[in-house]
Amino acid sequence: MNYKSLLALTFVGLLATSCGKKKQHDDIIVQETETPQPQAPIRMQDYKDVKDVQWLGKQYQIEVSRTACDSLAMVKDESGQKFVDNRIVLKVIRQDGSVFCTKTFTKSAFNACLDDDYRKTGILEGFVFDKAEGNQLFFAASVCHPQTDEYIPMVVTVSNFGEVGITKDQQME
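We now turn to the structure provided with this report. Predicted model only: the values in this text are computed from it and were never measured. (Residues numbered from 1 in each chain as written. Predicted model: local features only at pLDDT ≥ 70, side-chain atom pairs only at ≥ 80, totals over all residues. Heavy atoms only, no water.)

Here we take up the packing of aromatic side chains. A complete count under the given rule lists 7 aromatic pairs for this structure. Above the plane of the ring of phenylalanine 138 lies lysine 131, whose end atom (NZ or CZ) is 5.2 Å from the centre. (Phe/Tyr/Trp six-rings, centres within 6.5 Å; stacked < 30°, edge-to-face > 60°. Lys NZ or Arg CZ within 6 Å of the ring centre and 35° of its normal.)

Here it is, written out as C-alpha cells:
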C-alpha cells in the first residue's frame, strides 16, 4: 500500500469515527407548564343523612344536613382557588315528631380544636353520627383542607339535656 492510500484510509476512518459520535449536552429540557388559573369558587355537594337511633330506651331520629353557605368567609388554597365553607345543621327528633334539639355548626364552633392554618384555610367538611352511649350521642366531625386528605378529626357530643361538647379526636382509627 502506498503512502497516499494509507493516508486516505486513515482520513476515512477518522471521519467515520467523528460522525458516529453524538455530542452530549448538559442542558436539561423541561416542558413549560401553565399554572392553572383559579375557577369560580368551588362548593361541596349538599347532603342530608337521617338515622333512626335507640337512645335512653326511646327511639329518636337523627338528621344531619350540610349545605355550602355563601354568607361564611371563603377560604383559598395555595393557588388562589376559592372554596365555599359549609354549615351543618343537626336535629334530634323524638318518636312523636317533636324536636329534642337543633344545633347549627360552622367552622368557628371548632376553633378551640384548630390551629391558625386550619382556621384560615380549612372548611367544615364532615359530620356523621357515631353512637349513642349512656346519656350522650356521639358524632364525628372534621375540618379539612379542601380537595385534600388533610383534616382535623373531632368528636361532638350531645347530652340528654341538649348540651354540646367538642373535643379533638385523640383516637383516630
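Below, the discussion takes up the pairing of strand S9 (residues 151-159). The element S9 is largely enclosed, with a buried count of 8 among its 9 residues. Across 9 bridges, the pairing between strand S8 (residues 136-144) and S9 is antiparallel. Its bridge partner being in S9, glutamine 136 is matched across the sheet by serine 159. In this structure, the hairpin formed by S8 and S9 is closed by a connection of 6 residues, where glutamine 147 is found at a positive phi of approximately 55°. Relative to strand S10 (residues 164-168), S9 runs antiparallel, the two being bridged by 5 bridges. (Buried < 20%, exposed > 50% of the residue type's maximum accessible area, 1.4 Å probe, protein only. Helix = DSSP H or I, 4+ residues; strand = E, 2+ residues; numbered from the N terminus. Pairing = 2+ DSSP bridges.)

Here asparagine 86 is to be found in strand S5 (residues 86-94). We classify asparagine 86 as buried; its relative accessible area is 0%. Reaching out from asparagine 86, the side chain makes a polar contact with the backbone oxygen of leucine 124 at a distance of 2.7 Å. The contact partners of asparagine 86, leaving out residues within four places of it in the chain, are Met44, Arg66, Thr67, Ala68, Cys69, Leu72, Phe105, Thr106, Ile123, Leu124 and Glu125. (Polar contact = N/O pair within 3.5 Å; in protein donor to acceptor, adjacent residues only side chain to side chain. Contact = heavy atoms within 4.5 Å.)

Next up on the list: the layout of surface pockets. Roughly 170 Å³ of internal volume is contained in the second largest pocket. Forming the boundary of the second largest pocket are Val75, Lys76, Asp77, Glu78, Phe83, Asp117, Thr121, His145, Pro146, Gln147, Thr148 and Glu150. Among the elements of the structure, strand S3 (75-76) and helix H2 (116-121) are those that each provide at least two residues to the lining of the second largest pocket. (1 Å grid on protein atoms, 1.4 Å probe; cavity = no way out; pocket = protein on both sides within 12 Å on 5 of 7 lines; lining within 4 Å. Points joined across faces, edges and corners; volume = space filled by probe spheres on them.)

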